[in-house]
Amino acid sequence: MNLIEDATALTDDLTRLRRRLHAVPEVGLELPRTQETVLEALDGLPLEISTGKSLSSVTALLRGARPGPTVLLRGDMDALPVAERTGLPFAAPVERMHACGHDLHTTMLAGAARLLAAHRDRLAGNVLFMFQPGEEGYDGAGRMLAEGLLGVAGERPVAAYALHVMSHTWPSGLFTVRGGPMMASSNVLRVTVRGAGGHGSVPHMAKDPIPAACEMVTALQTFVTRSFDVFEPVVLTVGTFHAGTATNIIPDTACFSATIRCFSETVLERLREGTVALCQGVAAAHGLEVDAEFVHQYPVTVNDAAEAEFAARTVRELHGEERFQPLENPNLGAEDFSRVIAEVPGAMIFLGATPPGVEPGSAPANHSPLAVFDESVLPDGAALYAELAVRRLAA
């Protein structure tokens, strides 16, 4: 079984599938065209396929020729509400974009299904392919778990793996992983400051919510730097701010929202209490009211130490020592795959996909409207998915 050769032979098919997915990005939990494309890509394979009830998921089970445990492989399918500006000939002509590389993940997982199906007679156990919508803030993994994902094979998987490409961090084709915390928890702070509108020429006759909201934004940044040890990472980024309709109108309300990332439950609780209390205090100082809501989205993605080491060893032996680099520090991005590996020992693995001719660090990052991913990693990722399953079942 030479999975690299087999995957390389699929390069043209994988490229076509990725470009087809890229051209029709869909956001959230309902991805009907993406789901249809995935089902077509899996058509004819000896898989037990089911689709989600509350989301456009696809679950495909490959039963090996001999009994054994089950290994789960995951690929997320959803896009982002970003208007693409890459200029690629297959760029999406809509206000949505696969700016995080999920089209590559889906393609590599479909490729792995083809590779493993071709060698089904040599598998002692099952492979569960998890094609997941709604990773970008919709908790698609949580919904799939609630719909019984882990019981599809009749028994819980013994291991779970996911790949994530990066458009700017590492050279194309370089894999990296670490045991323990791999990615941060994701949380959202939503704030609405309530005042009393009026004419911009007489602000003393109104209760202006905008200065108070602006003060909250800057105070929250100071709160992070002055309340938490620099060796206990916390990131707070305000991503939306909305207020007003005209230059001479003081609005009734001002709203903003922020993403908050950390790696500790203790820190998380302090953030939950402190950010809300800060907004309430600033509002009170201005004589205004405020609605401040702290929403916990995804927990910390914690790689099982043994599974991370197994993944690293598999990369080295499959692709070569030069294609692996240990990940020293966790990433402050977040993932709902965290929910899966909280239930099943597993690992999230990063794969560099910086476009050719561009130095890592200078390329547009994931989530940028200019993000471009090197498609040459598609067979490498498909082969690794398949090899992880083969070796873990054999173990």
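Owing to the predicted nature of the structure, the values given are computational and were not obtained by experimental measurement. (Residues numbered from 1 in each chain as written. Predicted model: local features only at pLDDT ≥ 70, side-chain atom pairs only at ≥ 80, totals over all residues. Heavy atoms only, no water.)

**Q** I keep staring at helix 3 (residues 32–42) and nothing clicks. Help me out?
**A** Residues spaced three or four apart along an α-helix point in a common direction, a consequence of the helix completing one turn every 3.6 residues. Burial in helix 3 covers these residues: Thr 34, Gln 35, Thr 37, Val 38 and Leu 42. Relative to the axis of helix 3, the buried residues are bounded by an arc of 160° and lie together on one face. Looking at the buried positions of helix 3, the neighbouring elements they touch are helix 2 (11–23), strand 1 (48–51), strand 2 (58–63), helix 4 (102–118) and strand 4 (124–132). Note on helix 3: the residue one or two positions beyond its end, Gly 44, has a positive phi of about 90°. (Buried < 20%, exposed > 50% of the residue type's maximum accessible area, 1.4 Å probe, protein only. Helix = DSSP H or I, 4+ residues; strand = E, 2+ residues; numbered from the N terminus. Arc of directions from axis to C-beta. Contact = heavy atoms within 4.5 Å.)

**Q** Teacher, can you tell me more about the packing of aromatic side chains here?
**A** Remark: the centre distance and the inter-plane angle together describe each pair of aromatic rings, the angle taken between the planes. As enumerated under the stated definition, the model contains 4 aromatic pairs in all. Between Tyr 161 and Phe 310 the ring centres are 6.0 Å apart and the planes differ by 40°, which places this aromatic pair in the tilted class. Here Tyr 161 is found in strand 5 (residues 159–166), whereas its partner Phe 310 is found in helix 8 (residues 305–319), with 149 residues between them in sequence. An identical accessibility class is assigned to Tyr 161 and Phe 310; each is buried. Ring centres of Phe 241 and Phe 256 lie 6.1 Å apart, and the angle between their planes is 10°; this geometry places the pair in the stacked category. (Phe/Tyr/Trp six-rings, centres within 6.5 Å; stacked < 30°, edge-to-face > 60°.)

**Q** Explanation requested: the packing of helix 2 against helix 3 in the structure shown.
**A** Relative orientation and spacing of two packed helices are given, respectively, by the angle between their axes and the distance between those axes. Running from amino to carboxyl end, helix 2 crosses helix 3 at an angle of 165°, the nearest separation of the two axes being 10 Å. Between helix 2 and helix 3, the crossing angle belongs to the class labelled roughly antiparallel. Helix 3 is crossed by helix 2, and the crossing has right-handed handedness. Taking contact as the criterion, the partners of Leu 17, Arg 20 and Leu 21 in helix 2 are, on helix 3, Thr 34, Thr 37, Glu 40 and Ala 41. (Axes fitted to C-alpha atoms, helices over the stretch in contact; angles between N-to-C directions. Parallel < 35°, antiparallel > 145°, perpendicular 65-115°, else oblique. Left-handed = near helix turned anticlockwise from the far one by under 90°.)

**Q** When you look at helix 8 in this model, what are you seeing that I'm missing?
**A** The terminal C-alpha atoms of helix 8, which comprises 15 residues, lie 21 Å apart, in line with the 21 Å expected from a rise of 1.5 Å per residue. What helix 8 keeps buried is the set Glu 307, Ala 308, Phe 310, Ala 311, Ala 312, Thr 314, Val 315, Leu 318 and His 319. Among the structural elements, helix 1 (3–9), strand 5, strand 6 (175–176), strand 13 (301–303), strand 15 (346–352) and helix 10 (378–394) are those in contact with the buried residues of helix 8. (Expected span 1.5 Å × (residues − 1).)

**Q** Would you mind going over unusual backbone geometry with me for this structure?
**A** Glycine aside, the phi torsion of most residues is negative, and most peptide linkages are trans. With phi around 55°, Asp 139 is a residue other than glycine that occupies positive phi space. Residue position: Asp 139 is located in the loop between strand 4 and helix 5 (140–146). Looking at Asp 139, the relative accessible area reads 22%, which means it is partly exposed. Despite not being glycine, His 367 has its phi angle at roughly 85°, a positive value. As for its position among the elements, His 367 is in the loop between strand 15 and helix 10.

**Q** Can you help me understand the pattern of salt bridges in this one?
**A** Once their charged atoms are close, side chains differing in charge can pair, the charge on each being opposite to the other. What the rule picks out here adds up to 20 salt bridges. Arg 16 is the salt-bridge partner of Asp 13, the closest N and O atoms lying 2.4 Å from each other. Placement of both Asp 13 and Arg 16 in helix 2 is noted, with a separation of 3 residues, approximately one turn of the helix. Judged by relative accessible area, which is 53%, Arg 16 ranks as exposed. With a closest N to O distance of 2.7 Å, Arg 63 and Glu 48 form a salt bridge. (Salt bridge = Lys/Arg side-chain N within 4 Å of Asp/Glu carboxyl O.)

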